[in-house]
Structures are given as C-alpha cells and as structure tokens.
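# Chain and residue survey
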Amino acid sequence: MESMRQTTLQTLGLGSVLDIFQRGRLPADESESVDKVFGPAGNRGSLVISGGNGIVGSGKAMQLGARLQPFGVPIVTLDLPDAPDGIGQQFPGLKASFGPRQANRIMAGIIRLNYDGANLPDALGGFKPRFVLEAIPEILKLKRSHYELMRQSFPDVEIRSVTSGFPNAELGVGILHPSFPHQINKVWEVIEEKPSDITRLFWALGLIPVPVGDYWSFILDVLFCGITQAALRYHRASNMPFWKIDKYVRRLVGPNPIRAHDAIGPGASFLTWSCLHHLAEKYGEVFRPSPELVRRKNSGENWYSSNRPTVDWEMDDEDEFENWVLGPLFQMTSLMLHEKRANLSHMNAIGELCAQFAKGILAMIRDYGPDAVISRVEAYHRLHPEAAGGCWFPEVFEQIDSPQWQQLYVNAEHDGKVGVITISRESLNWDVVHELNRAIDWLKAEGIKNVIVTGDFHLSTQMVGADISDFFPALDNEEEGFRVSKTWAETARRLYNDFDISVGFVNGKRCLGGMLELMMHCHYLVSVDGAQLGMPEVTLPVIPGMEGCHWPFRKVDPASYPKLAEMLLGGRFVNAKDATGWLIDFAGPMEDALQKVWMIVTGGDHGLSIRKVKEGALSLPVDMPGPAPSDSSAAEVARKAIMDTIRASCEVPLSQALEVQARHSAGFMVTTACRKGMIGASYKRVMEV
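Below, the structure is looked at part by part.

Conventions and cut-offs
Residues numbered from 1 in each chain as written. Predicted model: local features only at pLDDT ≥ 70, side-chain atom pairs only at ≥ 80, totals over all residues. Heavy atoms only, no water. Core = buried A, V, L, I, M, F, W, Y, C linked by side-chain atoms within 4.5 Å. Buried < 20%, exposed > 50% of the residue type's maximum accessible area, 1.4 Å probe, protein only. Contact = heavy atoms within 4.5 Å. Helix = DSSP H or I, 4+ residues; strand = E, 2+ residues; numbered from the N terminus. Pairing = 2+ DSSP bridges. Axes fitted to C-alpha atoms, helices over the stretch in contact; angles between N-to-C directions. Right-handed = clockwise from strand over helix to strand, strands pointing away. Polar contact = N/O pair within 3.5 Å; in protein donor to acceptor, adjacent residues only side chain to side chain.

## Points about the nonpolar core
Counting 198 residues, the largest nonpolar core has Phe21, Phe287, Leu533, Leu583 and Ile646 as its most contacted members. Once residues within four sequence positions are removed from consideration, phenylalanine 21 is found in contact with Val420, Ile452, Thr454, Phe457, Phe505, Leu594, Val597 and Trp598. In this structure, Ile106, Met107, Phe131 and Val190 belong to the second largest nonpolar core, which totals 32 residues.

Structure below.
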C-alpha cells in the first residue's frame, strides 16, 4: 500500500482506511472490545472512576456510562463522603441527551461508593474492578498512593489517569487525558507504551483516542493554557481588560480563553496554573504563570467582573498584540514539534476539536509561512526577552513542505488499483479544498482510476457542511463569494470527471451542506443507514454554492424533483434509508455498506445502476411542490432565492450551470437577508471587536 502520509488510524494499531474496505468490516468491534477489557457477558468486571464526583470524573461517568450500559458494565464512582454531588449535577444533561427512560437506565448502572482516601470500601471488590480511571486532584504524591492502594487490592487492574499535566514517567500509569468540555468532547490524549485494548475499546465506542508523547502537560493544555497565558501577558503590557482581550483573541485565533475559565468553574484557574507551573519548571519562562493567574488559582475568583464597564477599549497597535499572542503560541508549538509529541494531523486537530481554535495551529503556521512565523517569535522575544532563553526551535519549520505538513486534513492511499481519499475535518474550508486537489493530483499521478471518498474513521465522526468563517469576506465582496463557490465546485467536479469510478461513503452520523454537495459529485454515494443527510443552507440563510441546486436534479428522474426541492427549501434532514434512490444509491449497516462500496469500486456484482449526470438543460415544472409556506419573512426570502437558483442553474446546460449557481450564491451573500442571518451574526460576534 502507498499513502501520502501515515493514516491516523495506524497510530492506534488499527491499520489503514483502505484495510477497512478490503476486509469489509471495522478493525475493532464494540462487543469484542468490551469482552477484552471487562470480561465476557455474565462475568463482567467494572469500570471504577476515582474522584467520580469531580467535574472530570462525573462527566466521564456519564459519557462512558452511556456507551457501556448496553453491555452491562457497572460504573463505580469512588470519592470522599463530603465531595460535592457532581454526578447529580450531570443528570439533567443526561436526560436532555437521551430522554428520561434511557437516562434512568444509564444511572442505574452507576454505583456510587464513598471512601476515606486511605482505605477502599469493602463493597468495591464485589464489582470486580478491571479498569480504574483516576480523576483525583493534581497532587503527585496523592495520585501515586492511590495507585498503590488499588494495586494492593486488585493486582491485575488496569489504571489510567486523566491528569492535566503529569507524564507517565512521573505517575507510573498510562494516561487518558480527556479534552473539555468534559461532558461532550470525545477526544482523549493517550500515553501508553503501545496501543492497548482500552484504547481500541474507546475507538470502537465512538470516542477519539489520540496517541501523544510522554512529556509534561499535553497538547491541548499547551495550546489552551498557552493562549490564556499569552492573553494575560498582553493584559500586563497594555492594561486592556480581560473581556476586551478575549474579543481580540477570538478574532485572531478562535477561543475566548479567559472567559472559558469562568465557564468551566473555579478549579479551571488552578489547573491552568498547575500546567504552566510545571511547564515553566521544565522548559523556561515562556510558560511562567502570570501574577494574575497565581492570584486566581488561590482565590478561585472569576476573571470577568459582573460590573463590566460598557466603555470601549481601542487597540493602539494590532501588530504588537499579535506579537504578544502569536509569538509565544508559535514558540510553544515549536517545542511540541521538536519533541515529536504527536502525528501532525493529531496535533493540528486537537487545537480545533478541543481548544476551539478556528484553524489548527499547524494549519495556521502553514498559512503564515516559516519566515513570518520566525519573525513573529523574534518580535515577541524583544517584548519579553526572558522567553528567548529556551525551548525555541525554529528549525522545525524547515519541514513545512513535507506531506505530513501539507496534508493535515486530507490523506490518500492506494493498493495499485483502488485509491481512498479520507477527510479528517468535519467542516469544509479552503485548507480541505487545497489538500483535496493535491490528493486527487497524487492519485492520478500514481495511475489510480477508481477511488473512494470518505471520512477518516477517526478524527472526523461527521461531515457538517462548510466552515462559515470562510464566507466572511464574501459578505462585503461579491467577487470573493463567486471565487469561493466557483473554486470549491470545480474541485468537487474533479471527483466526477477525473476518475473512472468514484464512490462517496458517508460513514458518520451526518453529512450536511457543502460536505454533502462534495460527496454527491461522486459517481455513487453510499451511506450507513443511520446517517442524517441534509441541506440546511436555507436556515442560515445562504444559497448552496457547490452545485447543490442543480447537480442532484441532473441525477434523478423528474418524479424525484419534489423530494429534492423539499430538502433544499425546507432545510430538514432525511435519514439515509429514506434518501435511497433519489439522493444516494445505497444505505445499510456498516459492514453491508463497506462491502457494497468495495464491490462498486472493484467492479464486482454490486447491483446498482450509475445515475449519470444529465448534461443538457432540464425542464422543471412551473409549480414545483415544496414545503408549506413559512411564517418567517426571512425564510421566504431565502426560499425564493434558492428556488430562483434551482431554476436558473437547471435550465442551462451543465457546462454553464456551475458559473450560474456560483453567481447566484455570491449575489445572495451580499444581501441584507444573509447579513442578518447566522453568517452575518457570526461575523459580528467574531470580527467586530
């Protein structure tokens, strides 16, 4: 097998994506993985969560309890008698996600035990602990004594820590560091000698384990605590209030790091201080916690005042602000690259999926280019000379032209006959488009004529449309909107024009908007039967820009036009099963779908007829049915604009339709209707500080 770069699945010991299609099954099964970790049905051991009432422990009790409940795995939480009832606080969220009946079933499998911190309760042995997830306070001596306590009673138990900063070398146990927000985020940074059954179980349960190197702190913490510290240093230099700095940081990078500490709770400042303190002891002054952080780790007070002033605060020098914020962030990233802390795609994704960066840190560095990055760090060192004394490795950026750097989101692999393109970002943006073009070019240069296009079975668990931040320039510039729509649509057409057979495979829980438009350009579209498909652009509102207003109409008979119009004008999702025959070609359980894709792409007897795209002008009904009229005038404006685009792009030949649709899409983005919708609101929230 040849590939542009290593697949992220291979870092988990799960092989390649191409292997999945060749075998016709996933590399780790839920039931088999549960048996390996907890024992066979009828003799299940338990998962013990130490510190189960804390913010992390209780959140993970809910997350893992929901996934393990069908397999009868008891979840035992262990905490001090006077610990606040964190689990009870989680229950309303559990009901909201699963409904009262299922939430009660999940809670029935959670057993709460108290202990004094020095002696385990006698009842614990009856639950046969097989796996301990430790979430007790960040005190090294306390953690080590807890592991010894567990091992004395249960010598064969597997232990993993959710520590926010200590390495495996200090703890003596493997690490499963969960990313925040703890209740919902699926990403876990994993430190272990080799991929374990526990890691593969997490993957099989739909979580996202990410192997990282054994160093002080973690990638998420370096990025998030680092951006927080950078914001606090700018506060000391400028005296700008925290709330205003947060706005500028959000516009520049994505998150509101200072506000996030208030949202998480008073313990967040302590954890950030702990992370930075240990990093500073190991690596130097770039990580040294600021006095403001030291104060709040002791007091627990909020960062945002309840009587926040309404007076605006102007920034005197935005370039200096970027030096204070991006300089240390780029320097800290150079350290992680020097240490080779993780696969580059992993490192990049953690910033997006967990720290709320608008773009992954490596993608950001790639955009800046090595010379600009080095100049930014050097400018920061002039502002903060103490930071120049260590952990600055500019030479790591010399590799920026390598496939590992250039293909952060899109990978390609092949076996000499069949190629697979995998997309590991949940929303489409310029980075994905550029990387997709490079992947197509590479496969064509390798002589591959048949290709599968899919998610990566790891970092991306769904495809949720286009990244609306890439539309911000189009709100004021119609030509920029036209460039986005035209260029992205031209890339999508390559999946239809550049291969003899292309098969799109929806392997996650949903495929929406621009991602669905992209996948529809494949000759065949196959989905797992539980996936939700949809074109929600009307709700934003925006006009689909990647040929969604004419391409699917050209692949169906006129009897299916009303279904497509209902989807486009109503914005509601459709189950993959119900979309078979007019939007997709096949839907079924995972193994059936995988095997169907492989039969199609290898020329087997798959039983499906290709739905060729009609190249001539289409004749649409004068009164094509759609959804019932809406009470919202904004919705009606958007529906009319989309219907006008459907007619204009369908009633011309295919050779003209791409430009017609792109013009309509671009023209709508500069209208008041679009600016008052979700894209305009997001622009105001992020860009207008």
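Alright, that's what it looks like, and here's the rest.
## Considerations on the environment of asparagine 437
Within the element layout of this structure, asparagine 437 appears in helix 18 (residues 430-445). On the accessibility criterion, asparagine 437 (18% relative accessible area) is buried. Separated by 27 residues in sequence, asparagine 437 and valine 410 have C-alpha atoms that sit 9.4 Å apart. Setting aside anything within four residues of it in sequence, one finds asparagine 437 in contact with Thr491 and Arg494.

## Observations concerning the sheet that holds strand 6 (residues 158-161)
What the eight strands build is an open sheet, ordered 4-3-2-5-6-7-8-9; its pairing is mixed. Looking at the sheet topology across the chains shown, the edges are occupied by strand 4 (110-114) and strand 9 (208-211). Sheet twist, expressed as the average angle between the axes of neighbouring strands with direction ignored, equals 25 degrees. Bridge analysis of strand 2 (residues 46-50) against strand 3 (residues 75-79) gives four bridges, and the strand direction is parallel. Directly across from valine 48, in strand 3, lies its bridge partner valine 76. Packing against the sheet, helix 5 (residues 140-153) makes contact with strand 2, strand 3, strand 5 (129-134) and strand 6, and its axis sits at approximately 165 degrees to strand 6.

## Considerations on the pairing of strand 3
Most of strand 3 sits inside the fold, with five of its five residues counted as buried. Residues Ile75, Thr77 and Asp79 point to one face of strand 3 and Val76 and Leu78 to the other, with burial holding for every one of them. The parallel pair strand 2 and strand 3, bridged by helix 3 (residues 55-68), forms a crossover whose chirality is right-handed. Note that strand 3 and strand 4 share five bridges and pair parallel. The residue bridging isoleucine 75 from the neighbouring strand is isoleucine 110, located in strand 4.

## Concerning the sheet that holds strand 15 (residues 510-512)
Read across the open sheet, the four strands follow the order 13-15-17-18; overall the sheet is mixed. Edge positions in the open sheet fall to strand 13 (463-464) and strand 18 (574-575), since each of these has one partner strand only. Note that strand 13 and strand 15 share two bridges and pair parallel. Each residue of the ladder has a partner; that of methionine 463, found in strand 15, is cysteine 511. Against the sheet, helix 20 (residues 513-520) makes contact with strand 13, strand 15 and strand 17 (532-534), and its axis sits at roughly 90 degrees relative to strand 15, the strand it touches most.

## Focus: unusual backbone geometry
In this chain, leucine 540 is followed by proline 541 through a cis amide linkage whose omega measures -15 degrees. Within the secondary structure, proline 541 sits in the loop between strand 17 and helix 21 (561-570). Although it is not a glycine, lysine 128 sits at a positive phi angle of roughly 50 degrees. At glutamine 356, a position not held by glycine, the phi torsion is positive, near 65 degrees. For glutamine 356, the position within the fold is in the loop between helix 14 (344-353) and helix 15 (361-368).

## Considerations on the side chain of threonine 645
One can find threonine 645 in helix 23 (residues 633-650). Polar contacts involving the side chain of threonine 645 include one to the main-chain carbonyl oxygen of alanine 641, which spans 2.8 Å. Residues in contact with threonine 645, not counting those within four places in the same chain, are Ile543, Cys549, Gln661 and His664.

## A look at the side chain of serine 269
For serine 269, the location among the structural elements is in helix 11 (residues 267-283). You can call serine 269 buried: its relative accessible area is 3%. Setting aside residues no more than four positions away along its own chain, serine 269 makes contact with His261, Leu293, Arg296, Lys297 and Trp303.

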